[in-house]
Amino acid sequence: MPRTVYLNGDWLPETEAKVSIFDRGFLFADAIYEVTAVIGGRLIDYYGHAARLQRSMAELGISCPLEPEALLVIHQEIVRRNDLREGLIYLQISRGVADRDFAYPTGVDPTLVLFTQSKPVLENPRVATGITIALLPDQRWARRDIRTLQLLPASMAKIEAVRRGADDAWLVENGFITEGSEATAHIVTRDGTLVTRGLSSALLHGITRASLLDIAHSEGIPVEERAFTPDEAKAAAEAFISSATNFVLPVTRIDDTPVGDGRAGPISRQLRERYLEIRLADAI
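Predicted model only: the values in this text are computed from it and were never measured.

Scanning the chain for helices and strands turns up eight helices and 15 strands. By the compact-globule yardstick of 19 Å for 284 residues, the chain fits well, its C-alpha radius of gyration being 19 Å. Expressed as lengths along the three principal axes of its C-alpha atoms, the size of the chain is roughly 55 × 40 × 35 Å. Split into buried and exposed, the 284 residues of the chain put 50% on the buried side.

What follows covers a nonpolar patch on the surface. Nonpolar side chains collect at one region of the surface, where Ile21, Phe22, Phe26 and Val97 lie side by side and expose about 420 Å² of accessible area between them. With respect to the helices, strands and loops of the structure, Phe22 is situated in the loop between strand E2 (10–13) and helix H1 (24–28). For Phe22, a relative accessible area of 40% puts it in the partly exposed group.

Let's shift gears to unusual backbone geometry. If a residue is not glycine, its phi is most likely negative; likewise, a peptide bond is most likely trans. Here Asp45, not a glycine, exhibits a phi torsion of approximately 60°, which is positive. Inspection of the secondary structure assignment puts Asp45 in the loop between strand E4 (42–43) and helix H2 (46–60). Unlike most non-glycine residues, Phe247 shows phi in positive territory, near 60°. Owing to a relative accessible area of 0%, Phe247 belongs among the buried residues under this scheme.

Let's shift gears to the layout of surface pockets. Its boundaries defined by the atoms lining it, the largest pocket holds a volume of some 1100 Å³. Residue lining of the largest pocket: 47 residues in total, with Tyr33, Arg147, Ser181, Glu182 and Ala183 positioned closest to the centre. Among the secondary structure elements, those contributing two or more residues to the lining of the largest pocket are strand E3 (31–39), H2, strand E5 (86–94), strand E6 (111–118), helix H5 (152–163), strand E9 (176–180), helix H6 (207–218) and strand E13 (238–243).

The six strands lie next to each other as E2-E1-E6-E5-E3-E4, forming an open sheet whose pairing is antiparallel. In this open sheet, the two strands that pair with only one neighbour each are E2 and E4. Packed onto the sheet, H2 meets E3, E4 and E5 and runs at close to 175° relative to E3. Each of strand E1 (4–7), E2, E3, E4, E5 and E6 is contacted by helix H3 (residues 68–81), which is oriented at about 40° to E6, the strand it contacts most.

Conventions used here
- Residues numbered from 1 in each chain as written.
- Predicted model: local features only at pLDDT ≥ 70, side-chain atom pairs only at ≥ 80, totals over all residues.
- Heavy atoms only, no water.
- Helix = DSSP H or I, 4+ residues; strand = E, 2+ residues; numbered from the N terminus.
- Rg over C-alpha atoms; globule rule 2.2 N^0.38 Å.
- Buried < 20%, exposed > 50% of the residue type's maximum accessible area, 1.4 Å probe, protein only.
- Patch = residues over 30% accessible without salt bridge, like charges linked within 9 Å, V, L, I, M, F, W, Y side chains within 5 Å.
- Areas by Shrake-Rupley, 256 points an atom, 1.4 Å probe, with all protein chains shown as cover.
- Salt bridge = Lys/Arg side-chain N within 4 Å of Asp/Glu carboxyl O.
- 1 Å grid on protein atoms, 1.4 Å probe; cavity = no way out; pocket = protein on both sides within 12 Å on 5 of 7 lines; lining within 4 Å.
- Points joined across faces, edges and corners; volume = space filled by probe spheres on them.
- Pairing = 2+ DSSP bridges.
- Contact = heavy atoms within 4.5 Å.
- Axes fitted to C-alpha atoms, helices over the stretch in contact; angles between N-to-C directions.

Take a look at the structure:
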């Protein structure tokens, strides 16, 4: 059965949903997006994603056609219409449709799209085995804190990592790791300190990241928000990524170097378990 998608106020079969070729999301990647995980038919960490959506729209001067309360209702309705038990909701807002011009148009309505993807997010076999990482140069634009559609450099990095036999890439700029191609990068030092890069325009302000730092503080895990080098990452006791649908996923090898003993570490496992326990309890 085709999915039901939301497009500018209409509920449509996915085969009937159409967007203009003059949409600025298509022509300029002049659009932002968010991804919210769904488990048991409920939204995980929704309010954090909704807040980041508002921030991204404000940074680009794009207005949302729906009030926050109405946007939540749309999220819950698309879950119901597609009988989504586990997976994700993808939301995208572009500036709208206008003749091609580098200057922002005025008086146009934004294009709002939501669709679902059914996929297992809890029973991920890589939680046990971990993933492998290739270190690659960060070639993205300078405003990575805005969750835009400008994802081609990240996609190219991901493909290059796979070509090298790795699962994903961590991106390096000026001698420090910024983040992964589609996730936040974390390490745990030999003395048990969780290290993650501080927030700036150099990286996306991860919603799962914020939740994990709160959990680490409550669990008595020391935290340092600072940049770290590839050598530090390779010498770490543990490493992991965090994202909306991976939650916490261990990293067991960086380039040709095993991380720690080459297996998922206890702190990454602890953070994943606590994150899911807390977020499943407050899911909506």
